[in-house]
Amino acid sequence: PNAVPQGVFSPQPVGATALLEGSVELRKHLAWGLGGVLFADGAMVGSGAGTLSGDRVSTATPGVGLRYATPFGELRLDAGWQPDKSERLPVLVETTAADGSSQLVRLTTDRLWTSADDANGKRGLRRVTLHFALGHAF
């Protein structure tokens, strides 16, 4: 499966029974109604029976932002960074059985997936996501 071109391989989440997510921010007033913020968002999903034990996947993304106080609310500009991440994922392929029905088959070899694969090879500043909004983040 690692020889298959990036465009053919499509990672799909298969679900979980537990989710833990959170955000943390450090805000600082700068001057003239302008403020700055450092933040990190994170999440962990697990396949345990209502717990985050057993098989679990987690990630955290850092970012920075600017805030400007207006009469209508806080104007926000944030930049989040997608960190590099790699993991081995099981590969399922669809085949046709002898009776003509479709069936899913798991390959014995996992595929090494990296976040650059999912982002079409994004590197450097292409891994930055900008968010512009009016109002508090939470």
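Residues numbered from 1 in each chain as written. Predicted model: local features only at pLDDT ≥ 70, side-chain atom pairs only at ≥ 80, totals over all residues. Heavy atoms only, no water.

Chemist: Just checking my understanding: could you explain the sheet that holds strand β2 (residues 34-46) for this structure?
Modeler: Pairing within the open sheet is antiparallel, and its five strands lie in the order β1-β2-β3-β4-β9. This sheet does not close on itself; its edge strands, each paired only once, are β1 (18-31) and β9 (128-134). If you compare each strand with its neighbour and ignore which way they point, the axes differ by 20° on average. Two strands pair when backbone bridges link them, and strand β4 (residues 73-81) and β9 are joined in this way by seven bridges, in the antiparallel orientation. The residue bridging Gly-80 from the neighbouring strand is Thr-129, located in β9. (Pairing = 2+ DSSP bridges. Helix = DSSP H or I, 4+ residues; strand = E, 2+ residues; numbered from the N terminus. Axes fitted to C-alpha atoms, helices over the stretch in contact; angles between N-to-C directions.)

Chemist: How should I be thinking about the confidence of the model for the protein chain in this particular structure?
Modeler: Low pLDDT marks stretches whose predicted atomic positions should not be read closely. Across the protein chain, the average pLDDT comes to 81, with 78% of residues at or above 70. The least confident element of the protein chain, judged by mean pLDDT, is helix α1 (residues 115-118) at 56; the most confident is β4 at 93. (pLDDT = per-residue confidence, 0-100.)

Chemist: Sorry, what's going on with unusual backbone geometry here?
Modeler: Excluding glycine, residues mostly carry a negative phi; peptide bonds, for their part, are mostly trans. The backbone of Trp-32 shows a phi angle near 50°, a positive value even though the residue is not glycine. Looking at the secondary structure, you find Trp-32 in the loop between β1 and β2. Of the residues examined, Trp-32 reaches a relative accessible area of 81% and is grouped as exposed. (Buried < 20%, exposed > 50% of the residue type's maximum accessible area, 1.4 Å probe, protein only.)

Chemist: What exactly am I supposed to notice about the environment of Gly-36 here?
Modeler: Its location among the elements puts Gly-36 in strand β2. Counting along the chain gives 41 residues from Gly-36 to Leu-77, while the straight-line C-alpha distance between them is 9.6 Å. Among all residues touching Gly-36, those that are not within four sequence positions of it are Leu-26, Arg-27, Lys-28, Leu-30 and Gly-65. (Contact = heavy atoms within 4.5 Å.)

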